[in-house]
2 protein chains.
Amino acid sequence: MADSIKASNITWHHATVSPEDRSVKNGHQGAILWFTGLSASGKSTVAQAVQSVLFESGCQAYVLDGDNVRHGLNKDLGFSPEDREENIRRIGEVSALFCDAGFIVSTAFISPYRADRDKARALCPDRFYEIFVKCPVEVCETRDPKGLYQKAREGKIPEFTGISAPYEEPEKPELILDTATLSLEACVAEVIQMLQKEGILQA
Amino acid sequence: MADSIKASNITWHHATVSPEDRSVKNGHQGAILWFTGLSASGKSTVAQAVQSVLFESGCQAYVLDGDNVRHGLNKDLGFSPEDREENIRRIGEVSALFCDAGFIVSTAFISPYRADRDKARALCPDRFYEIFVKCPVEVCETRDPKGLYQKAREGKIPEFTGISAPYEEPEKPELILDTATLSLEACVAEVIQMLQKEGILQA
């Protein structure tokens, strides 16, 4: 919580503010929770719930997802392989900035290509947690909250991941969440436990 | 400062975390301090000092500048008018994300075109503070910490703002800092006073 600043007597001690300075202030490390999985697998739902739990316990947390990125920073990009690559490249770079700023930032994007996820990881290898939100395409298709699978089956959406475009499963994710069988609470608990074990959060 | 989380008993109350939730927690509003001016006018120096003062008083603050953006998110961009426009567009979008996340985020880029700055402003019109770091090109050229003006005069850097490319001064900036005459402390004090007057910081 911020103190009042006396503008008549401005002083400071740090030339810049380091990630260590921020982690001391915040009581946790910065980190990137990279959620990956099919459309409707539950990435955003878990990411938002994790954010809420973290925020309510006093952490700095943020979610990058389609709502705040696809219509803003990446509104110039489509769904071709090249644009998907650039989409994930930019999200990786922005998540690295949030991590540098001390946040536990979650990204909730399909991010179907292994090579693109690995490039994002390479930006912050010590602070990058790949979370595979695993759910059979048949289950995702039953959920289909935005009617996207139906449109894809009708051929109205070309290159739809899991139907007409590939999804490359993570080979060594830090965490796998099977949302077809786990409750949302259990998924969140797994993420929190991982962050505690890794020393991002105090146990 | 974060509390410990009991992973065996996960609960949360907010479906998402709003900017209001964040401002209550942080004790200040999110805001964008958009520093604009010639190379070597003092943008980064003032932005870093403002960040230090804010951080040391308990605020969440961050600086986007050439060091963390030009070599990362925008490393695919050059200095043509089109690339400068895209550079500023992305920085505007990223600063809007940081503002949404509750930060007082400073951007320290020449941002020479009025139209590009106005587009950035339009993303967060109520939280956008354009700060014109005003310094005669002759003074900037004397400082020339990176030797860029000299290279520009020698024709080694094409399209260098203030020498061979235009700088469009802000027409109605929220603040003007004349770094040829004001001390760094005085510049920082002016920014803090503006934030207090605008209700971003408590007075």
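The rules we used
- Residues numbered from 1 in each chain as written.
- Chains lettered and ligands numbered in written order.
- Predicted model: local features only at pLDDT ≥ 70, side-chain atom pairs only at ≥ 80, totals over all residues.
- Heavy atoms only, no water.
- Helix = DSSP H or I, 4+ residues; strand = E, 2+ residues; numbered from the N terminus.
- Rg over C-alpha atoms; globule rule 2.2 N^0.38 Å.
- Contact = heavy atoms within 4.5 Å.
- Areas by Shrake-Rupley, 256 points an atom, 1.4 Å probe, with all protein chains shown as cover.
- Lys, Arg positive; Asp, Glu negative; His and termini not counted.
- Charge placed at Lys NZ, Arg CZ, Asp CG, Glu CD.
- Polar contact = N/O pair within 3.5 Å; in protein donor to acceptor, adjacent residues only side chain to side chain.
- Buried < 20%, exposed > 50% of the residue type's maximum accessible area, 1.4 Å probe, protein only.
- Arc of directions from axis to C-beta.

(A) The overall build of chain A, seen in detail. Counting secondary structure elements, chain A contains 8 helices and 5 strands. Taken against the 2.2 N^0.38 rule, which gives 17 Å for 203 residues, the C-alpha radius of gyration of chain A at 18 Å falls within 12% of a compact globule. Taken along the three principal axes of its C-alpha coordinates, chain A extends 65 × 35 × 30 Å. Look at the contacts in chain A between residues 6 or more apart in sequence, and 74% of them connect residues 24 or more apart. Carbon together with sulfur atoms contributes 51% to the accessible area of chain A, which is approximately 8,800 Å² in total. The distance from the centre of the 22 positive side-chain charges to the centre of the 30 negative ones in chain A is 2 Å.

(B) Spotlight on the side chain of A:Gln60. If you trace the backbone, A:Gln60 turns up in the loop between helix H2 (43–56) and strand S2 (61–65). A polar contact of 2.9 Å, which involves the side chain of A:Gln60, links it to the side chain of B:Asn26.

(C) Geometry of unusual backbone geometry. Residue and element names in this part refer to chain A. Phi angles above zero are rare outside glycine, and aspartate 144 is one such case at about 35°. Tracing the backbone through its elements, the reader meets aspartate 144 in the loop between helix H6 (137–143) and helix H7 (148–153). Taking the relative accessible area as the measure of exposure, aspartate 144 reaches 15% and is therefore buried.

(D) A look at helix H5 (residues 114–123) of chain B. Residues and elements named next belong to chain B. Within H5, the full set of buried residues consists of Asp116, Arg117, Ala120 and Arg121. End-on, the buried residues of H5 take up no more than an arc of 145°, which puts them together on one face. In this structure, the buried residues of H5 make contact with strand S1 (31–36), helix H4 (81–100) and strand S4 (128–134).

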